[in-house]
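# Observations on the model geometry
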Amino acid sequence: MSSTPPKPTVSPLKASTETVTSVHNWTDKLFSFRTTRPAGYQFTPGQFARLGVTVGEETLWRAYSVTSAATENELEYFLVQVPGGLFTEQLKHLKPGDPVLVEKFSYGFMTADRFVDGDDLWMLATGTGLGPFISILQDPMVWQKFRNLILVHCVRNAEELAYQDLLSTLPLRPELAAGGARLQLIRATTRDAKAVAGDLQGRITTLLTSGALEAAAGLPITVEASRVMMCGNPEMITETREILHQRGLRPCRRAVPGQFVTEDYW
Ligand SMILES: Cc1cc2nc3c(=O)[nH]c(=O)nc-3n(C[C@H](O)[C@H](O)[C@H](O)COP(=O)(O)OP(=O)(O)OC[C@H]3O[C@@H](n4cnc5c(N)ncnc54)[C@H](O)[C@@H]3O)c2cc1C
Ligand SMILES: NC(=O)c1ccc[n+]([C@@H]2O[C@H](COP(=O)([O-])OP(=O)(O)OC[C@H]3O[C@@H](n4cnc5c(N)ncnc54)[C@H](OP(=O)(O)O)[C@@H]3O)[C@@H](O)[C@H]2O)c1
C-alpha cells in the first residue's frame, strides 16, 4: 500500500486561484501587489480579502485589506514584510505570473456605510493600516456623504509614507471632486529625526491627546460632527478608542449608530 498522503486541495467553492499581475516595492519591507479579480468578486471599500499560499502540503491563509477601488478589474493589497512571518516570508519573491488563492467572500465591518450621519470622516492609520483607506477614498459615495475627509497616516520613518502620488491626485478625479468634500492628508512620523516640513511628529495617540491633530486639520473632534475609522496596530486602536470614549464618542454597533469603527491587524 502506498504511504503517500493525499494531495490537499482547496475547494473551488471556497477560493479561486488568481494570478499576480504586478508587484511594487515601496521600501525593502513594504510592498503592494495586484492580482486578477475572481469572477463575481464583490467587496465594499474598507473590507478585506483572505489570501492563501500553498507551502508543501499546507495552505496558509491570512487577511489583507483591499486597496484597489471597488470598480477595478484587479485587486490590490499593501503589505509589510513581518520578520520571520510565516505568510509574508512566502511572499518575499512574489512576481507577476505567480498564483495566489483568493477566498470567494470579502469580510469586515470597517466601512463608511456604518455611519448614518456626520460631517467629517477621520481615517486614522498606522503602517499598512493605510490600505483600506486607499480603497475608501476612491469611492465617490464617501466624497458625497462627508464634508471633510481627513486621512492621518502615522509611520516610523517618512520613507514608509506610501501611496502619496495616488492620494494627492484624488481631488483631481472628476467623479470624486463632484461629491464636494475637502480631502486633507496628514502625515506623522515617530522615529524620523528629519521629518519633512509640514509633517507631524509623534504617535496618533499623542497627537490626539495634545490637540495637535485637530489643530493640523483645523477641525475639532466632536460627537456631532466627527466619524472616525481606525486601522492598523491594535494597541493604537485600543488607546485611541479610550481617548475618543472619554470625549463622548461611541463605537458603531449592529443596531446602534455610533461615531467610530475599527480594524485590528493582529
Ligand atoms: C482584518 C485584517 C486585515 C489585515 N490586513 C492587512 C494588510 O492589509 N496588510 C498587512 O500587511 N497585513 C494585514 N493584516 C495582517 C496579516 O493578516 C498577517 O497577519 C501579516 O501579513 C503577518 O503574517 P505572517 O504570517 O507573515 O506573520 P505572523 O507569523 O503571523 O506574525 C504576526 C505578527 O506580525 C506582526 N504584524 C502582522 N501584521 C502586521 C502589520 N500589518 N503591520 C505590522 N505588524 C504586523 C504582529 O506583531 C503580529 O503579531 C491584516 C490582518 C487582519 C486581521
Ligand atoms: N517599519 C520598519 O522600518 C521596521 C523595521 C524593522 C522591523 N519592522 C517590523 O515590521 C512590522 C511592522 O512595523 P510597522 O512599523 O509597519 O508597524 P508598527 O510597529 O505598528 O508601527 C507603525 C506606527 O504605529 C505607531 N504605534 C505603535 N504602537 C502604537 C500605539 N500603541 N499607539 C499609537 N501608535 C503606535 C508606531 O510608533 P512607534 O515608532 O512610536 O512605535 C509607528 O509610527 C513589525 O513586526 C516590526 O517589528 C519594521
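Residues numbered from 1 in each chain as written. Chains lettered and ligands numbered in written order. Predicted model: local features only at pLDDT ≥ 70, side-chain atom pairs only at ≥ 80, totals over all residues. Heavy atoms only, no water.

## Concerning the nonpolar core
Filter applied, for reference: Throughout this description, the term nonpolar core refers to a set of buried Ala, Val, Leu, Ile, Met, Phe, Trp, Tyr and Cys residues connected via side-chain atoms within 4.5 Å. Buried residues are those whose accessible area, probed at 1.4 Å on protein chains only, stays under 20% of the maximum for their type, while exposed residues exceed 50% and partly exposed ones sit between those limits. Counting from the N terminus, the helices are the DSSP runs of H or I reaching at least four residues and the strands are the DSSP runs of E reaching at least two. Any pair of residues with heavy atoms lying within 4.5 Å of one another is described as a contacting pair.
Core analysis: the largest hydrophobic core is formed by 29 residues, its most contacted members being M123, F133, L137, W143, L149 and M229. Those elements that place two or more of their residues in this core are β7 (120-126), α2 (131-136), α3 (140-145), β8 (148-155) and β11 (226-232). Those residues in contact with M123 that sit more than four places away from it in its chain are F133, I136, L137, L149, I150, L151, V152 and M229. With 23 residues, the next largest nonpolar core counts L219, V228, M230 and I243 among its residues.

## Considering the site of ligand 1
Applied cut-off: Nearness is judged by heavy atoms alone; a residue qualifies as near a molecule or strand once a single heavy atom is within 4 Å of it. Between N or O atoms, a polar contact is any pair within 3.5 Å; within protein, one atom must be a potential hydrogen donor and the other a potential acceptor, and residues adjacent in sequence are included only when both atoms are from side chains. We get accessible surface area from the Shrake-Rupley algorithm with a probe of 1.4 Å; when it comes to residues, only the shown protein chains can shield them. Under the convention adopted here, Pro, Cys and the residues Ala, Val, Leu, Ile, Met, Phe, Trp and Tyr are nonpolar, Asp, Glu, Lys and Arg are charged, and Gly plus all remaining residues are polar. Bear in mind that the domain bounds are from an automatic or database domain assignment.
Taken together, 18 residues lie near ligand 1, and A63, Y64, F87, T88 and T128 sit nearest. Here an oxygen atom of ligand 1 and a side-chain polar atom of R62 are 2.9 Å apart. One of the backbone nitrogen or oxygen atoms of A63 is found 2.7 Å away from an oxygen atom of ligand 1. In isolation ligand 1 exposes 880 Å². Once the protein is present, 74% of that is buried. Take the shell around ligand 1: its biggest share by element is four residues, from strand β4 (residues 58-65). When grouped by side-chain class, the residues that make up the shell around ligand 1 number 11 nonpolar, four polar and three charged. Of the residues that make up the shell around ligand 1, three or more belong to each of domain 1 (15-103) and domain 2 (112-264).

## Brief notes about the domain arrangement of the protein chain
Selection criterion: The term buried area refers to how much accessible surface (probe radius 1.4 Å) is lost by two components on association, counted for both of them together. Whenever a carboxyl oxygen of Asp or Glu lies within 4 Å of a side-chain nitrogen of Lys or Arg, that contact is scored as a salt bridge.
In terms of domain boundaries, the protein chain breaks down into domain 1 (15-103) and domain 2 (112-264). Using C-alpha coordinates to define each centre, domain 1 is positioned 24 Å away from domain 2. Contact residues are listed per partner, giving 20 residues for domain 1 and 16 residues for domain 2. A combined buried area of about 1400 Å² lies between domain 1 and domain 2, and 64% of that area is made up of carbon and sulfur atoms. Considering only the surface of domain 1 that becomes buried against domain 2, P45, T67 and F78 emerge as the three largest contributors, covering 37% of it. The interface formed by domain 1 and domain 2 contains zero salt bridges. Viewed at the interface, domain 2 and domain 1 are joined by six residue pairs in polar contact (both at pLDDT 80 or more). No other element matches the five residues that strand β5 (residues 74-80) contributes to the side of domain 1 that touches domain 2. Of the residues that constitute the side of domain 1 that touches domain 2, the class distribution is 11 nonpolar, seven polar and two charged.

## Some thoughts on the UniProt feature "domain: FAD-binding FR-type" (unreviewed entry) in the protein chain
For clarity, the threshold we go by: UniProt positions are given in the numbering used here, feature names are shortened, and annotations may be inferred rather than shown by experiment.
Mapped onto this structure's residue numbering, the UniProt feature "domain: FAD-binding FR-type" (unreviewed entry) falls at residues 13-113. For residues 13-113, the helix share is 5%, the strand share is 46%, and the end-to-end C-alpha distance is 28 Å.

## A look at the sheet that holds β11
Sheets are built from strands that pair by backbone hydrogen bonding, the pairs being arranged parallel or antiparallel. Basically, it comes down to this: The pairing criterion is simple: DSSP has to find at least two bridges between the two strands.
What the six strands build is an open sheet, ordered β10-β9-β8-β7-β11-β12; its pairing is parallel. Every interior strand has two partners, whereas the edge strands, β10 (200-201) and β12 (260-264), have only one. Bridge count for β7 against β11 is six bridges, and the pairing is parallel. Paired with D120 across the strands is S226, a residue of β11.

## Digging into the sheet that holds strand β6 (residues 99-103)
Worth spelling out the cut-off: With axes taken as lines fitted to C-alpha atoms, and helix axes fitted only over the stretch in contact, angles between N-to-C directions fall between 0 and 180 degrees.
Pairing within the open sheet is antiparallel, and its six strands lie in the order β4-β3-β6-β1-β2-β5. Both edges of this open sheet fall to β4 and β5, since each of them pairs with a single strand only. Here the average twist between neighbouring strands, direction ignored, is 40°. Pairing analysis gives seven bridges linking strand β2 (residues 30-36) to β5, with the strands arranged antiparallel.

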